Amino acid sequence: LPRGITNLSLRNNKIKDISGLIMYKDLKYLDLSGNKIKTIPGTINSLGKLEFLDLSGNKLKEIPIEALCKLSGLKMLNLSGNKIPFEQIANLIRCLPNTNIQHDKYEMKKKAVTGLQGR
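Residues numbered from 1 in each chain as written. Predicted model: local features only at pLDDT ≥ 70, side-chain atom pairs only at ≥ 80, totals over all residues. Heavy atoms only, no water.

1. Let's talk about the sheet that holds strand S5 (residues 100–102)
Taken together, the 5 strands give an open sheet; going across it, the order is S1-S2-S3-S4-S5, and neighbouring strands pair in parallel fashion. Looking along the sheet, the strands with just one partner apiece sit at the ends: strand S1 (7–9) and S5. Ignoring strand direction, the axes of neighbouring strands in this sheet form an average angle of 5 degrees. Direction of pairing for strand S4 (residues 76–78) relative to S5: parallel, over a ladder of 3 bridges. The partner of Met76 across the bridge, within S5, is Asn100. (Pairing = 2+ DSSP bridges. Helix = DSSP H or I, 4+ residues; strand = E, 2+ residues; numbered from the N terminus. Axes fitted to C-alpha atoms, helices over the stretch in contact; angles between N-to-C directions.)

Shown next, in the form of structure tokens:
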């Protein structure tokens, strides 16, 4: 791929590792939806020109909040179709107030409460 590429769609390609994409610093539009991505590298913040990032339909259970918060130019971030705890989504919403963040309201299952409370 040419180094100066600004738009890239790699949707539905069974991709697991995206660490090689960090070298494409001019990317503004990146669609990685429908892959098998389990982790986002903390170096994602080096893609400082990103305006659109679609990570929907992957296998994410957590995200590098500090790195994503540095992508202040993001206009749209799609995280739906993953199992990211809502606490992490809430942190993203706080640090990226001008970003449209699409997500599921996934919450970690709470441990069952045993015994009677207050009876």
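Read on, since the account is not over.
2. Topic: the nonpolar core
By size, the foremost hydrophobic cluster in this structure holds 30 residues, and its most contacted members are Leu30, Ile44, Leu50, Leu53, Leu79 and Leu92. When contributions to this core are tallied by element, the ones reaching two or more residues are helix H1 (65–69) and helix H2 (86–95). If sequence neighbours within four positions are ignored, Leu50 has contacts with Leu27, Lys28, Tyr29, Leu30, Leu71, Gly73 and Leu74. (Core = buried A, V, L, I, M, F, W, Y, C linked by side-chain atoms within 4.5 Å. Buried < 20%, exposed > 50% of the residue type's maximum accessible area, 1.4 Å probe, protein only. Contact = heavy atoms within 4.5 Å.)

3. With respect to unusual backbone geometry
Even without a glycine there, the phi angle at Asn12 is positive, about 55 degrees. Classification of Asn12 by relative accessible area gives exposed; the value is 52%. Its identity is not glycine, yet Lys14 carries a phi of approximately 60 degrees, on the positive side. Along the chain, Lys14 falls in the loop between S1 and strand S2 (29–31).

4. Considerations on the pattern of salt bridges
The tally for this structure, following the rule as stated, stands at 3 salt bridges. The partner of Lys49 in a salt bridge is Asp26, and the shortest N-O contact between them spans 2.8 Å. Separated by 23 residues along the polypeptide, Lys49 in the loop between S2 and strand S3 (52–54) and Asp26 in the loop between S1 and S2 bring together distant segments of the chain. In this structure, Lys75 and Glu51 form a salt bridge, with 3.7 Å as the shortest nitrogen-oxygen distance. With Lys75 in the loop between H1 and S4 and Glu51 in the loop between S2 and S3, the pair connects residues that are 24 residues apart, well separated along the chain. With relative accessibility at 53%, the residue Lys75 sits in the exposed group. (Salt bridge = Lys/Arg side-chain N within 4 Å of Asp/Glu carboxyl O.)

5. Brief notes about the state of the cysteines
Cysteine pairs can be covalently joined through their sulfur atoms, and such a bond is termed a disulfide. In the structure shown here, the tally under the stated rule is 1 disulfide. The disulfide that involves Cys69 links it to Cys95, with 1.8 Å between the sulfurs. Measuring the twist about the S-S bond at about -80 degrees, one finds the Cys69-Cys95 disulfide to be left-handed. With a gap of 26 residues between them, Cys69 in helix H1 and Cys95 in helix H2 connect regions that are remote in the sequence. You can call Cys95 partly exposed: its relative accessible area is 30%. (Disulfide = S-S within 2.5 Å.)

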